[in-house]
Amino acid sequence: MSTKQKQRARGFFQEHTLYPSMVVAKAASPINKNGFTSPSSTLNLDKGDPLVFGKYWKKKSEECMVVIKGCELMSYLSDTSNVCWYMLPELKDAIERLHHVVRNAVTKDKYIVIGTGTTQLFMAALFALSPSMTTSHPINVVSATPYYSEYKDQLDLFCSERFQWGGDAGEYDKNETYIEVVNYPNNPDGTIKEPMVKSIVEGKLVHDLAYYWPHYTPITHQANHDVMLFTLSKCTGHAGSRIGWAIVKDIEVAKKMVMFVQMSSIGVAKESQTRAAKIMGVICDGYQKFESIEPDQLFFEYCKNILRERWEKLRRSIELRKVFTVAKYPKAYCNFANESFEALPAFVWLKCEEGIENAENYLGKLKIRGRGGVRFGAGSKHVRLSMIGTDDEFTELIKRLSNAKY
Ligand SMILES: Cc1ncc(COP(=O)(O)O)c(C=O)c1O
C-alpha cells in the first residue's frame, strides 16, 4: 500500500469512529420479538432496512414459495452463451419483464449484469469504466452533494489505484476525465438529479436508479443511460437476498463488470436468483393477469399507499413542532400509475431550524438515531431518517418527534 493509500485508509477509519452509526450491528439496541427497540432505547433509523413491504409479502407467502432440491443449482455456471454467464435465464427474463411492465428503463439491445447487491455492481462499474493502465493517479469518482454516503465510504475503504473519491460533482473543476454517479431519486434527499459536472473534459456516467420505482416516485420517462444500477433491496424490499442488476449499453463494459464479479465472488448465489425471479414474477403476474387481484392489492399501489400514509403523518408531525423543515416535492405525472403525485422517498431529509446547529445530535436527545448530513457531504443542519422500517419503528418515530421543542 502506498503512503497515500495508507493515509486514505486511516482517514476512513477515523471518520467511522466519529460516526459509529455505520456499525449497524453495534448500533442496534435491545430488540424485542416484534423487531422493535424498547421505549427506553435508541430508535435506529440510520439504516435503510426496507422492512416496510413485509406486510405485502406476508399476504403472498404461499405464492412466493421456492423449493430447491438438494441436487439442484450446484454448478457455478448458468448460461455460458450469455455475457453474464452466472445469471440464471429465468432471472434475466424476470428482470426484463419487470422493466417492461413498469416502463422505467430501456432493456432492449442492452446487457444485464447481476451482482451481490448494487453495492458490488457499483464497484464493478467503476472498475469497468476506469482506465485499465495505472495512470499517474486514480480517476476521480464524483457525485452531487448530498450524495449517498456509501459511495465515498466504499472508495475510501478499498483504496484502489484505479479510482478514488473526488467529492461533490457540482464543485469538480479539474481538466481530467472523471466518473460521475447520478442517483435519482436521490438518497438522501429524494430529488431527481441530472449530471452536474461542468468540465470541458468528457467524463463517464453511472446512474444509480435504486429508487426509480413507482411506489417512491412518479415514473416520468424510460431511463436510457449507459450504465444503470437497480436493486431488489429497494424495489421489492428483499435486501437479504442481495440481488442487484446493471443494465449496460456497451458489451465491453458489461464484460469487465462480469469479470469483477467473477474475481470477487465467482458469480451470485443461485438460491437468491431463483427467489428474486419468483418474486418479480409474482409482481408482474399481478399487473398482467389483474383480473385475479384488486387494484389496491397490486404491489406498487399497495406499497405506495403505505408510504403515502407515512409521509402524511410525518409531515403533520414536523409542521406542528417547527423544529425541522422538510422539502415539498413537485407533483409529476406517473406514466405507470396514470396519475400525478408527489414523490414518497425512502428517507426523509430533515433540516433543523435556526438556533439548532446539529440535527443529528438534536435527534439523539430524543433517542432517535439518524445519519448526519456531513456523511452525505452536506452540513450538520441536515439529518436523514429511514421511512422504510417496520410499522412499530415508524409509530415510535412519530411518538418521539412529538417531544421535539424549539
Ligand atoms: C442509492 C443506493 N444505491 C445502492 C444501494 C445498495 O443496495 P444493495 O442492497 O443492492 O447493495 C442503496 C442501499 O441503500 C442505495 O440507497
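Residues numbered from 1 in each chain as written. Predicted model: local features only at pLDDT ≥ 70, side-chain atom pairs only at ≥ 80, totals over all residues. Heavy atoms only, no water.

**Describing the site of the ligand**
Note the threshold: One heavy atom suffices: a residue is near a molecule or strand as soon as one of its heavy atoms comes within 4 Å of it. N or O atoms within 3.5 Å of each other form a polar contact, as long as, within protein, one can give a hydrogen and the other can take it, and as long as residues adjacent in sequence are counted only when both atoms are side-chain atoms. To be clear on the numbers: accessible area is Shrake-Rupley with a 1.4 Å probe, and residue cover counts the displayed protein chains and nothing else. In this description a helix means any DSSP run of H or I spanning at least four residues, a strand means any run of E spanning at least two, and both kinds are numbered starting from the N terminus.
Around the ligand there are 13 residues in total, and Thr 119, Asp 208, Tyr 211, Thr 231 and Lys 234 lie nearest to it. Note that an oxygen atom of the ligand is positioned 2.6 Å from one of the backbone N or O atoms of Thr 118. Contact with the protein chains removes 91% of the 390 Å² of surface that the ligand exposes when unbound. Elements supplying a minimum of two residues to the shell around the ligand: helix H5 (117-129) and helix H7 (232-235). Per element, the largest residue contribution to the shell around the ligand is three residues, and it comes from H5.

**Let's talk about the sheet that holds strand E3 (residues 139-143)**
Where we set the bar: A strand pair is defined by DSSP finding two or more bridges across the two strands. Here the axes come from fitting lines to C-alpha atoms, over the contacting stretch only for helices, and the angles between their N-to-C directions go from 0 to 180 degrees. By definition in these notes, contact holds between two residues if any of their heavy atoms fall within 4.5 Å.
One open sheet holds the seven strands; their spatial order is E2-E8-E7-E6-E5-E3-E4, and the pairing between them is mixed. A single partner strand is all that each edge strand has here, and the edge strands are strand E2 (111-116) and strand E4 (163-168). Across this sheet, the average inter-strand angle for adjacent strands is 25 degrees, counted without regard to direction. Of the pairings in the sheet, the one linking E2 to strand E8 (residues 243-248) comprises six bridges and is antiparallel in character. Residue pairing in the sheet places Tyr 111 in a bridge with Val 248 of E8. Running at roughly 125 degrees to E2, H5 makes contact with E2, E3, E4, strand E5 (178-183), strand E6 (204-208), strand E7 (227-231) and E8 of the sheet.

**Quick look at the nonpolar core**
Cut-off, in case you're wondering: Nonpolar core, defined: a set of buried Ala, Val, Leu, Ile, Met, Phe, Trp, Tyr and Cys residues in which side-chain atoms within 4.5 Å join the residues together. Three exposure classes are used, based on accessible area relative to the maximum for each residue type with a 1.4 Å probe and protein chains only: buried under 20%, partly exposed in between, and exposed over 50%. Note that the domain bounds were set by an automatic or database domain assignment.
Counting 113 residues, the largest nonpolar core has Val 113, Ile 114, Trp 245 and Met 257 as the members making the most contacts within it. When residues in this core are grouped by element, the largest group, nine residues, is from helix H10 (residues 299-321). Split by domain, this core shows at least three residues from each of two domains, domain 1 (3-56 + 296-401) and domain 2 (64-287). Those residues within four positions of Met 257 in sequence are excluded, and the remaining contacts are Val 113, Leu 121, Ala 124, Ala 125, Ala 128, Ala 246 and Val 248. Judged by nonpolar contacts, the second largest core, of six residues, contains Val 142, Ala 169, Tyr 172 and Tyr 178.

**Here we look at the side chain of Gln 164**
Along the chain, Gln 164 turns up in strand E4. A polar side-chain atom of Gln 164 sits 3.1 Å from a polar atom in the side chain of Asn 140.

**Side note on the environment of Phe 341**
Considering the arrangement of structural elements, one finds Phe 341 in strand E11 (residues 339-341). Take Phe 341: its relative accessible area is 3%, and that puts it in the buried class. Residues Phe 341 and Tyr 216 lie 125 residues apart in sequence; the distance between their C-alpha atoms is 10.0 Å. Apart from the residues lying within four places of it in its own chain, the contact partners of Phe 341 are Pro 214, Thr 217, Pro 218, Lys 304, Arg 308, Pro 330, Lys 331, Ala 332 and Cys 334.

**Here we look at the pattern of salt bridges**
To keep things clear, this is the line we draw: We define a salt bridge as a contact between a side-chain nitrogen of Lys or Arg and a carboxyl oxygen of Asp or Glu at a distance within 4 Å.
Overall, the coordinates contain 21 salt bridges when judged by the stated rule. Through salt bridges with shared partners, a single ionic network connects Asp 46, Glu 150, Asp 153, Arg 371 and Arg 375.

**Details of the confidence of the model for the chain**
For clarity, the cut-off: For every residue, the predictor assigns a confidence score, pLDDT, that lies between 0 and 100.
Across the chain, the average pLDDT comes to 91, with 89% of residues at or above 70. The model gives residues 12-30 a pLDDT under 50, and that stretch makes 31 contacts with residues more than four places away or in other chains.

**Observations concerning the sheet that holds strand E9 (residues 324-325)**
Strands sit in the order E9-E12-E15-E14 across an open sheet of four strands; the sheet is antiparallel. Since the sheet does not close on itself, it has two edges, and those belong to E9 and strand E14 (371-372), each with one partner. Across two bridges, the pairing between E9 and strand E12 (residues 347-352) is antiparallel. Bridging across to E12, Phe 324 finds its partner in Cys 352. Packed on one face of the sheet, H10 meets E9 and E12 and runs near 10 degrees to E12.

**Some thoughts on a nonpolar patch on the surface**
Here is the rule: Patch definition: residues above 30% relative accessible area lacking any salt bridge, with like charges linked at up to 9 Å and the nonpolar side chains Val, Leu, Ile, Met, Phe, Trp and Tyr linked at up to 5 Å.
A grouping of Tyr 76, Leu 77 and Ile 266 is seen on the molecular surface, where their side chains present a nonpolar patch of about 330 Å² in accessible area. Topologically, Tyr 76 is positioned in the loop between helix H3 (54-59) and helix H4 (89-102).

**Section: the pairing of E7**
Of all five residues in E7, five are buried, a share of seventy percent or more. Burial along E7 is two-sided: the residues Val 227, Leu 229 and Thr 231 and Met 228 and Phe 230 are all buried. As paired elements, E6 and E7 share two bridges and run parallel to each other. Bridging across to E7, His 207 finds its partner in Met 228. Sheet topology places E7 next to E8; five bridges connect them, and they run antiparallel. Among the inter-strand pairings, Phe 230 is bridged to a residue of E8, identified as Trp 245.

**Describing the packing of H10 against helix H12 (residues 391-401)**
Let me state the cut-off plainly: These descriptions rest on fixed angle ranges, namely under 35 degrees for roughly parallel, over 145 for roughly antiparallel, 65 to 115 for roughly perpendicular, and the rest for oblique. In this scheme the handedness of a crossing depends on how the near helix is turned from the far one: anticlockwise by less than a right angle means left-handed, clockwise means right-handed. Any residue outside Ala, Val, Leu, Ile, Met, Phe, Trp, Tyr, Cys, Pro, Asp, Glu, Lys and Arg is labelled polar, Gly included; the first ten of those are nonpolar and the last four are charged.
Running from N to C, H10 and H12 point in directions that differ by 15 degrees, and their axes come no closer than 10 Å. Between H10 and H12, the interaxial angle falls into the category roughly parallel. Seen from above, H10 lies across H12 with left-handed handedness. Of the residues in H12, those touching H10 at Arg 310, Lys 313, Leu 314, Ser 317, Ile 318 and Arg 321 are Asp 391, Phe 394, Leu 397, Ile 398 and Leu 401. Each residue belonging to the contact of H10 with H12 can be placed in one class, and the counts come to six nonpolar, one polar and four charged.

**A look at the environment of Val 248**
Relative to the helices and strands, Val 248 is located in strand E8. Residue classification places Val 248 among the buried residues on the basis of a relative accessible area of 0%. Residues within four places of Val 248 in sequence aside, it is in contact with Lys 110, Tyr 111, Val 113, Asp 226, Val 227, Val 253, Ala 254 and Met 257.

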